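Close look at the chain arrangement
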Amino acid sequence: MKSPLSLALAATLLGSGLTAPAGAQTLAPFTDPKLPFTVSLPRGWLGANFNDGTGGVSVVSAKTPPATLIRLLYVSKDGRAPELKQEFRNFEAGVTQTGGKVKLFRGRNVTYGGVKGVEREYLITGGQTAVRVRIWFGNGAKNLYSFQVTDTPERYAKSSALFSQVLASLRFRT
């Protein structure tokens, strides 16, 4: 079964035009009682709704492209035991199906907010678009989590550092 998180992430990347600089940012606490976590997000960023049926929060650094994108998504496991490597395979297949090419730079096991997961960094190209993406799939007690940052290759180092700050602020609700 294809994960709705993997497919939503893949579909968002190549035709989005989301590539503006993250820049120096101050984080502000963000809470929503519907979310299974609290987090601090870049102050002044805008909420984005991709109408893809995912739960979570998506923010962009600017109202119009180009803009840096951060997505913090989750889906209930409903008693299933997701396989994180399969989630990445689904993501990569989704990018390929939309005409993109995927190049893996790095993968590692990492824990955020007490939830263990796997994180990978990619270069995704397609048409005239090239983006760097950092994605973490986490396997929580009740939910599968998928968190990502997307930016241009030139600005990726700064936006990835900002994403690290966001992830360090993450607290899962029990």
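Residues numbered from 1 in each chain as written. Predicted model: local features only at pLDDT ≥ 70, side-chain atom pairs only at ≥ 80, totals over all residues. Heavy atoms only, no water.

Another point: unusual backbone geometry. Unusually for a residue other than glycine, Asn 51 sits at a positive phi of about 50°. Within the secondary structure layout, Asn 51 lies in the loop between β3 (46–47) and β4 (55–60). Phi at Asp 78 is positive, roughly 45°, even though this residue is not glycine. In this structure, Asp 78 sits in the loop between β5 (69–76) and α2 (84–97). (Helix = DSSP H or I, 4+ residues; strand = E, 2+ residues; numbered from the N terminus.)

Taking strand neighbours across the sheet as the criterion, the seven strands line up as β3-β4-β5-β9-β8-β7-β6 in an open arrangement whose pairing is antiparallel. Because the sheet does not close on itself, it has two edges, and the strands there are β3 and β6 (101–112). Sheet topology note: the β5/strand β9 (residues 143–151) ladder contains eight bridges and is antiparallel. Residue Leu 69 lies in a different strand from β9, and its bridge partner there is Thr 150. Contacts between α2 and the sheet are confined to β6, β7 (115–126), β8 (129–139) and β9, with β7 contributing the most and set at about 15° to the helix. (Pairing = 2+ DSSP bridges. Contact = heavy atoms within 4.5 Å. Axes fitted to C-alpha atoms, helices over the stretch in contact; angles between N-to-C directions.)

Per-residue pLDDT for the protein has a mean of 87; in total, 86% of the residues score no lower than 70. Mean pLDDT across the secondary structure elements of the protein bottoms out at helix α1 (residues 4–13), with 44, and peaks at strand β2 (residues 37–42), with 97. Here residues 1–23 is a poorly scored stretch, pLDDT under 50, and it has 85 contacts once near neighbours within four places are set aside; other chains count. (pLDDT = per-residue confidence, 0-100.)

Burial of β7 is extensive: nine of the 12 residues sit out of reach of the surface. With 11 bridges joining them, β6 and β7 adopt antiparallel strand pairing. Bridged to Val 102 within β7 is Ile 124. In sequence, β6 turns back onto β7 through a hairpin of two residues, with Gly 113 there showing a positive phi of about 60°. Sheet analysis places β7 next to β8, joined by 10 bridges and oriented antiparallel. Note that in β8 the partner of Arg 120 across the bridge is Ile 135. (Buried < 20%, exposed > 50% of the residue type's maximum accessible area, 1.4 Å probe, protein only.)

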